[in-house]
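# Remarks on the overall topology
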Amino acid sequence: MVFSIAYRFLRDRAVAEELAQDVFLKLYRELPRLQSPEHVKFWLRKAISHRSMDYARGARRRNEVALEEVHEPVANGSSSDPLMEAALRKLVASLPDESRIVVVLRYQEELEPTEIAHVLGISLGTVKSRLHRSLGLLRQKAQRLIGEPI
């Protein structure tokens, strides 16, 4: 879950792994204060969400990839339409950080809006409005991409 949130938000496997490790180190230090498994799960979601947003804000960096890190193309049998999935990932990645983390938590991690509000420390209304605006923006971008009303 921790790696998944970071990876879906940042779209960089190495950075997601590093941030996940950081969060688990922090968890180790915080564990005596956490009261239940649900509290740990909540704390992990909150920590990785904030850590990922912080990283994205501070790391407006060049997108260079070492040749060793480039993976060979492979066929993915589970994907019904890999081109559509890639286009959707690109569209979601184009959202502002605050909107993108809400979309990732809602549709990747399948959290309810109340849970997202609690994890991010924002109001439920803010979560709902960001989701609504994000979906509208994604719809507009998809329409421009394919040239047809959706």
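Procedures and definitions
Residues numbered from 1 in each chain as written. Predicted model: local features only at pLDDT ≥ 70, side-chain atom pairs only at ≥ 80, totals over all residues. Heavy atoms only, no water. Patch = residues over 30% accessible without salt bridge, like charges linked within 9 Å, V, L, I, M, F, W, Y side chains within 5 Å. Areas by Shrake-Rupley, 256 points an atom, 1.4 Å probe, with all protein chains shown as cover. Salt bridge = Lys/Arg side-chain N within 4 Å of Asp/Glu carboxyl O. Lys, Arg positive; Asp, Glu negative; His and termini not counted. Charge placed at Lys NZ, Arg CZ, Asp CG, Glu CD. Helix = DSSP H or I, 4+ residues; strand = E, 2+ residues; numbered from the N terminus. Buried < 20%, exposed > 50% of the residue type's maximum accessible area, 1.4 Å probe, protein only. Core = buried A, V, L, I, M, F, W, Y, C linked by side-chain atoms within 4.5 Å. Domains from an automatic or database assignment. Contact = heavy atoms within 4.5 Å.

## So, a positive patch on the surface
On the surface, a cluster of positive charge is contributed by Arg 8, Arg 11, Arg 89 and Lys 90. Here Arg 8 shows up in helix α1 (residues 2–10). Its relative accessible area of 36% is what places Arg 8 among the partly exposed residues.

## Here's the deal with the pattern of salt bridges
Inspection of the entire model under this criterion finds 7 salt bridges. Ionic pairing is found between Asp 97 and Arg 100, a salt bridge with its closest N-O pair at 2.6 Å. Within this pair, Asp 97 and its partner Arg 100 are both found in helix α5 (residues 97–108), separated by 3 residues, close to a single helical turn. For Asp 97, a relative accessible area of 8% puts it in the buried group. Connected through shared salt-bridge partners, Asp 54, Arg 57 and Glu 98 make up one network.

## As for the environment of Ser 99
Locating Ser 99 in the fold gives a position in helix α5. Assessed through its relative accessible area of 12%, Ser 99 is described here as buried. A sequence separation of 27 residues divides Ser 99 from Thr 126, and the C-alpha atoms of the two residues are 10.0 Å apart.

## Some thoughts on the nonpolar core
Here is a general trend for soluble globular proteins: nonpolar side chains tend to be buried in one another's company. By size, the foremost hydrophobic cluster in this structure holds 34 residues, and its most contacted members are Ile 101, Leu 105 and Leu 120. When residues of this core are traced back to their parent elements, those giving at least two are α1, α2 (13–30), α3 (37–58), α5, α6 (113–120) and α7 (124–146). With 7 residues, the single largest contributor to this core is α3. Residue assignment places this core across two domains, with domain 1 (1–70) and domain 2 (75–150) each supplying three or more. Aside from chain neighbours lying at most four places away, what touches Leu 105 is Ile 5, Ser 49, Glu 110, Leu 111, Ile 116, Val 119 and Leu 120.

## Brief notes about unusual backbone geometry
Backbone geometry at Arg 11 places phi at a positive 60 degrees, although glycine is not the residue there. Inspection of the secondary structure puts Arg 11 in the loop between α1 and α2. For Arg 11, a relative accessible area of 43% translates into the label partly exposed. Although it is not a glycine, Glu 110 adopts a positive phi angle of roughly 55 degrees. One can find Glu 110 in the loop between α5 and α6.

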